[in-house]
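# Chain and residue survey
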Amino acid sequence: MQDKLFLPGLKKLAFLRDSGFFGRMTAVRGEFGYWVFEGDWQEAQRPSWIIARGRRRHHLDMVCHCATCSTPVRRSRKRELPRHHGYPRSLDEKGKKYKATADDSAYATFKLKGGVIAHINMSWVTRVYRDDLVTFQVDGTHGSAVAGLSDCMIQARQATPRPVWNPDEKRTHDFYADWQKLRKQLFDNGFKEQWEMSFATSARRAV
């Protein structure tokens, strides 16, 4: 399932990388997740089989996607094992009570080609306080970018503000205003691109 590689936000990151926008990359970090309801007073957004008793599904389900997403930035050379945590759920789709022991959060650290460290948090037990359900930030000597599912915000070296650390005064600077949205680009459906690439590869092998 490589569809995440074709997300508009990720493709924009790849475009920035290929254009040399980042200069020398210094760090990559990602945040994915939202709160998946327990099924009692709010219907769960994820099927119970994913988090059923005794199955460690989260690192098989989402870590693989986020690991693949590092490819448009730089290919992964080494991957360290993620750490997991779990929490009980209440009701399945039929209203039957059960206790889930599967992991709902994972934290992965990757050492990318060139020595850049990427850290990615993935969780179904977190509440969203960011612009999108998933965000990737890439920092470099010449600029930084933050991409979500669709959009990508950039800040060039020349536009980087000069913050002053003063815990005795309330911050008044609007750091969001220092970012610029990358120009609009049209991309095809991610799943469609994935399957077309897969079929093309299968056809070449068959020949």
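Here's a quick rundown of the structure. The structure presented is a predicted model; accordingly, all values stated were derived computationally and were not measured. (Residues numbered from 1 in each chain as written. Predicted model: local features only at pLDDT ≥ 70, side-chain atom pairs only at ≥ 80, totals over all residues. Heavy atoms only, no water.)

This brings us to helix 1 (residues 8-19). With 12 residues, helix 1 should cover 16 Å at 1.5 Å per step; its first-to-last C-alpha distance of 16 Å lies within 8% of that length. What helix 1 keeps buried is the set Gly9, Leu10, Lys12, Leu13, Ala14 and Leu16. At its buried positions, helix 1 is contacted by strand 6 (134-140), strand 7 (143-147) and strand 8 (152-156). Looking one or two residues beyond helix 1, the residue adopting positive phi is Gly20, at roughly 85°. (Helix = DSSP H or I, 4+ residues; strand = E, 2+ residues; numbered from the N terminus. Expected span 1.5 Å × (residues − 1). Buried < 20%, exposed > 50% of the residue type's maximum accessible area, 1.4 Å probe, protein only. Contact = heavy atoms within 4.5 Å.)

Moving on: the nonpolar core. The biggest cluster of nonpolar side chains holds 28 residues, and the ones touching the most others in it are Leu13, Leu16, Phe22, Ala145, Cys152 and Ile154. For this core, the elements supplying multiple residues, two or more each, are helix 1, strand 1 (25-33), strand 4 (103-112), strand 5 (117-123), strand 6, strand 7 and strand 8. In terms of residue count, strand 4 provides more of this core than any other element does, four residues in total. (Core = buried A, V, L, I, M, F, W, Y, C linked by side-chain atoms within 4.5 Å.)

On to the side chain of Ser144, then. Within the secondary structure, Ser144 sits in strand 7. By relative accessible area, which is 14% here, Ser144 ends up buried. One polar contact links Ser144 to Asp139, side chain to side chain, over a distance of 2.7 Å. (Polar contact = N/O pair within 3.5 Å; in protein donor to acceptor, adjacent residues only side chain to side chain.)

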